[in-house]
Amino acid sequence: MRVKSLFEKSLRHPVVTLVGGLALGGIAIGIAILILVLIIEPVATPELEGTIYYKEGDFVLRYQKDSPGREDHAALAEVLKQDYEELLDLLDVNPDLVPTPIDVFVHDDVSSMQTSISKRKSPEARSVYLAPLDLLIGEDPRGRLAELVLAFGWGRCGSQILHAGTRLYATEPKRDFHAVVAAMPDRLFLALPELIRAEERGHFPESIYQQFDSPYSPVSIAFSDLRKLFGLSVHGEVSPEDILALEAASFVQFLIETKGGIRAVKQAWGRGSTVNLLNRIDSAPPEELGARWYAVGIEAGRGAPDFPFLSVYYLLGGGFPDAAWTRSSTWHVEDLSQGEITLAVRCALAIGAFTEARTLISHLEEGESKDDMQALLILYEGWTVTEAHGLR
């Protein structure tokens, strides 16, 4: 009885009561958190069902739970952090203008990206993501991140030429885009008035970011927008065939170099047509402004590291295979990248130099590119080359 009495007294002791209350409270809180995480949160945010996130500084990285990209989330966060700081500085943007955290949705493939966007833009979505960013696993995030910084830091732009050019310039600020202007034959180069007409005809389509992630994109997807979403395609790094975007980047580089820096482009940025926006910083007509751009580009671009490759690429693509082979045949194969060797093979095949093509192919690494070149050599080898009336 005495032992029982002591035990009962100990239970009534204030310290014991406090500890017991805290323990019960902790258990209750734990149960509440489990209910919140496992039941309430998935129901409250159905668009995030099946996903997991990592909070990394100014970013929240979101993956599917079974995504293989989760293993590299720390490395991606580091790249995002560095690119973000550089872009804020390069584009002269106050970081307070960009809402954080930035929600980065990392997708395994285009289909997963489409599904995620449609869920976030559906009427059933429960959360608003102020600064979303959609990426594919392994994609360089800088281009889309540049668009985000431009959208919040500079605002909306009515000129797709300025938008595409500034995005690409910010993605690769150390690249000399004038090489494209210098390398292109006249028949391929589009002067500024022609670029503007191409824009007016819809040849500068909105990017994925502009269509679905930008603060100026629709909050929800209308039926008419489904076609855009289902037809979604994702480009990686810009390729030499993206002539419009590369010329736009060269033009933006020209404005930066001749109009006092990036702030000149920022001054031209805004609502309105390309012509009206450019009038903010230069009253000259497009023909005159474009002529000045071409003169600078064709002179400066010849010294760019990628000028030799681009000149051969555009000569071949522009219908001048002999001129392309004449240039590429002077290259030393030991100094060439795999892309340059492949281009030289195409030039050789185009003019019937099959022996030289075979030698070049032997320097290619095993893989798809070598297999493709071998197949072309087998297809064309033994053909004779005849020219008549300007036709080969």
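Everything in this summary refers to the structure shown in the same document. Along each chain, the written sequence defines residue order, and numbers are assigned to residues from 1. Under the rules for a predicted model, residues below a pLDDT of 70 receive no local features and side-chain atom pairs below 80 are neither given nor counted, while totals for whole chains, interfaces and linings still include all residues. Values reported for side chains reflect all heavy atoms of the structure, with hydrogen atoms and water molecules removed beforehand.

Some remarks on the overall build of the chain
At step 1: The number of helices and strands found in the chain is 19 helices and four strands.
At step 2: Should any heavy atoms of two residues lie within 4.5 Å, those residues are considered in contact. In the chain, once contacts between residues fewer than 6 apart in sequence are set aside, the share between residues at least 24 apart is 69%.
At step 3: Only the protein chains shown count as cover for residues, with accessible areas throughout obtained via the Shrake-Rupley method and a probe of 1.4 Å. When the accessible area of the chain is evaluated, it comes to approximately 21,500 Å², of which 57% is carbon and sulfur surface. In this description a helix means any DSSP run of H or I spanning at least four residues, a strand means any run of E spanning at least two, and both kinds are numbered starting from the N terminus.

Let's talk about the pattern of salt bridges
Pairing between side chains of opposite charge can happen when their charged atoms approach one another.
At step 1: Salt bridges are defined as contacts in which a side-chain nitrogen from Lys or Arg sits within 4 Å of a carboxyl oxygen from Asp or Glu. For the structure on display, the rule yields 18 salt bridges.
At step 2: Across the pair Arg-142 and Glu-86 runs a salt bridge whose closest N-O atoms are separated by 2.6 Å. Remark: Glu-86 occurs in helix H3 (residues 73-90) and Arg-142 occurs in helix H5 (residues 142-153); sequence separation between them is 56 residues.
At step 3: Here Lys-266 and Asp-92 are joined by a salt bridge, their closest N and O atoms 3.9 Å apart. Placement of the pair is Lys-266 in helix H12 (residues 262-268) and Asp-92 in the loop between H3 and strand S3 (102-107), with a sequence separation of 174 residues.

Some thoughts on the side chain of Thr-274
At step 1: By the element assignment, Thr-274 lies in helix H13 (residues 274-278).
At step 2: Here a polar contact means two N or O atoms within 3.5 Å. Within protein one must be a hydrogen donor candidate and the other an acceptor candidate, and residues neighboring in sequence count only if both atoms are side-chain atoms. Reaching out from Thr-274, the side chain makes a polar contact with the side chain of Glu-199 at a distance of 2.6 Å.
At step 3: Aside from chain neighbours lying at most four places away, what touches Thr-274 is Ser-159, Ile-161, Ile-196 and Glu-199.

Considering the nonpolar core
Generally speaking, soluble globular proteins have nonpolar side chains that are buried together.
At step 1: In this structure, Leu-91, Ile-102, Val-104 and Leu-162 are the most contacted members of the largest nonpolar core, which totals 95 residues.
At step 2: Among the elements that take part in this core, helix H11 (residues 243-258) stands out by supplying ten residues, more than any other.
At step 3: Leu-91 has contacts with Ala-146, Val-149, Leu-150, Trp-154, Thr-166, Ala-170, Ile-262 and Lys-266, leaving out every residue within four places of it along the chain.
At step 4: Throughout this description, the term nonpolar core refers to a set of buried Ala, Val, Leu, Ile, Met, Phe, Trp, Tyr and Cys residues connected via side-chain atoms within 4.5 Å. Buried residues are those whose accessible area, probed at 1.4 Å on protein chains only, stays under 20% of the maximum for their type, while exposed residues exceed 50% and partly exposed ones sit between those limits. By size, the runner-up hydrophobic cluster in this structure holds five residues, among which are Met-113, Ile-117, Leu-136 and Phe-212.

A short note on the sheet that holds strand S2 (residues 59-64)
Paired through their backbone hydrogen bonds, the strands of a sheet run either parallel or antiparallel.
At step 1: In spatial order, the strands read S1-S2-S3-S4; together these four strands make up an open sheet with mixed pairing. Of all strands in the sheet, those bounded by a partner on one side alone are strand S1 (51-56) and strand S4 (132-136). Recorded for the sheet is a direction-independent mean angle of 25 degrees between the axes of neighbouring strands.
At step 2: Strands were regarded as paired on the criterion that DSSP finds at least two bridges between them. As defined by bridge partners, S1 adjoins S2 across six bridges and the pair is classed as antiparallel. Structural elements are reduced to axes, namely lines fitted to C-alpha atoms, with helices fitted over the stretch in contact, and the angle between N-to-C directions of any two is expressed from 0 to 180 degrees.

Structural notes on helix H8 (residues 192-200)
At step 1: Listed in full, the buried residues belonging to H8 are Leu-192, Pro-193, Leu-195, Ile-196, Ala-198 and Glu-199.
At step 2: With its phi angle positive at about 85 degrees, Gly-202 sits one or two positions after the end of H8.

A closer look at the packing of H5 against helix H6 (residues 160-171)
At step 1: Interaxial distance between H5 and H6 falls to 9 Å at its minimum, and their mutual angle equals 125 degrees. Classified by the angle between their axes, H5 and H6 sit oblique to one another. The handedness of the crossing between H5 and H6 is right-handed. Listed contacts from H6 to Arg-142, Gly-143, Arg-144, Ala-146, Glu-147 and Leu-150 of H5 are His-163, Thr-166, Arg-167, Ala-170 and Thr-171.
At step 2: Classification used: nonpolar for Ala, Val, Leu, Ile, Met, Phe, Trp, Tyr, Cys and Pro, charged for Asp, Glu, Lys and Arg, polar for all others including Gly. Here the residues of the contact of H5 with H6 sort into three nonpolar, four polar and four charged. Angles are sorted into four bins: roughly parallel if under 35 degrees, roughly antiparallel if over 145, roughly perpendicular if 65 to 115, and oblique for all others. By the definition used in this description, the sense in which the near helix is turned from the far one sets the handedness, with an anticlockwise turn below a right angle giving left-handed and a clockwise turn giving right-handed.

Notes on the environment of Glu-356
At step 1: Locating Glu-356 in the fold gives a position in helix H18 (residues 354-361).
At step 2: Residue classification places Glu-356 among the partly exposed residues on the basis of a relative accessible area of 39%.
At step 3: For Glu-356 and Ser-329, which are 27 residues apart along the polypeptide, the C-alpha to C-alpha distance reads 8.9 Å.

Re the environment of Glu-86
At step 1: In this structure Glu-86 comes out as partly exposed when scored by relative accessible area, which is 35%.
At step 2: The spacing of Glu-86 and Ala-146 is 60 residues in sequence and 9.8 Å in space, taken between C-alpha atoms.

Observations concerning unusual backbone geometry
Apart from glycine, the bulk of residues carry a negative phi angle, and the bulk of peptide bonds sit in the trans form.
At step 1: For the bond running from Thr-100 to Pro-101, omega is 5 degrees, close enough to zero to count as cis.
At step 2: You can see Pro-101 is positioned in the loop between H3 and S3.
At step 3: One non-glycine residue, Asp-92, lies in positive phi territory at about 55 degrees.

Considerations on the pairing of S3
At step 1: Of all six residues making up S3, six are buried, and the element is well covered by its neighbours.
At step 2: Residues Ile-102, Val-104 and Val-106 of S3 are buried on one face, and the alternating residues Asp-103, Phe-105 and His-107, pointing to the opposite face, are buried as well.
At step 3: In the sheet, S2 pairs with S3 via four bridges, with the strands oriented parallel. Looking across to S3, one finds that Arg-62 is bridged to Phe-105.
At step 4: Regarding the hand of the β-α-β motif, the stretch spanning S2, H3 and S3 is left-handed. Orient the strands so they point away from the viewer; a crossover is then right-handed if the path from the first strand over the helix to the second runs clockwise.

Things to note about the packing of H6 against H11
At step 1: Where H6 meets H11, the axes come as close as 7 Å, and the angle between the chain directions of the two elements is 80 degrees. Between H6 and H11, the crossing angle belongs to the class labelled roughly perpendicular. Residue-level inspection shows Ile-161, Leu-162, Gly-165, Thr-166, Leu-168 and Tyr-169 of H6 in contact with H11, the latter providing Ala-245, Leu-246, Ala-248, Ala-249, Val-252, Gln-253, Leu-255 and Ile-256.
At step 2: Residue composition of the contact of H6 with H11, by class: eleven nonpolar, three polar and no charged.

Some points on the pairing of S4
At step 1: Most of S4 is tucked away, with five of its five residues classed as buried.
At step 2: Across the two faces of S4 the burial is the same, with Pro-132, Asp-134 and Leu-136 and Leu-133 and Leu-135 all buried.
At step 3: Note: S3 against S4, five bridges, orientation parallel. Each bridged residue has a counterpart across the sheet, and for Asp-103 the counterpart in S4 is Pro-132.
At step 4: Crossover S3 to S4 through helix H4 (residues 110-120) is right-handed.

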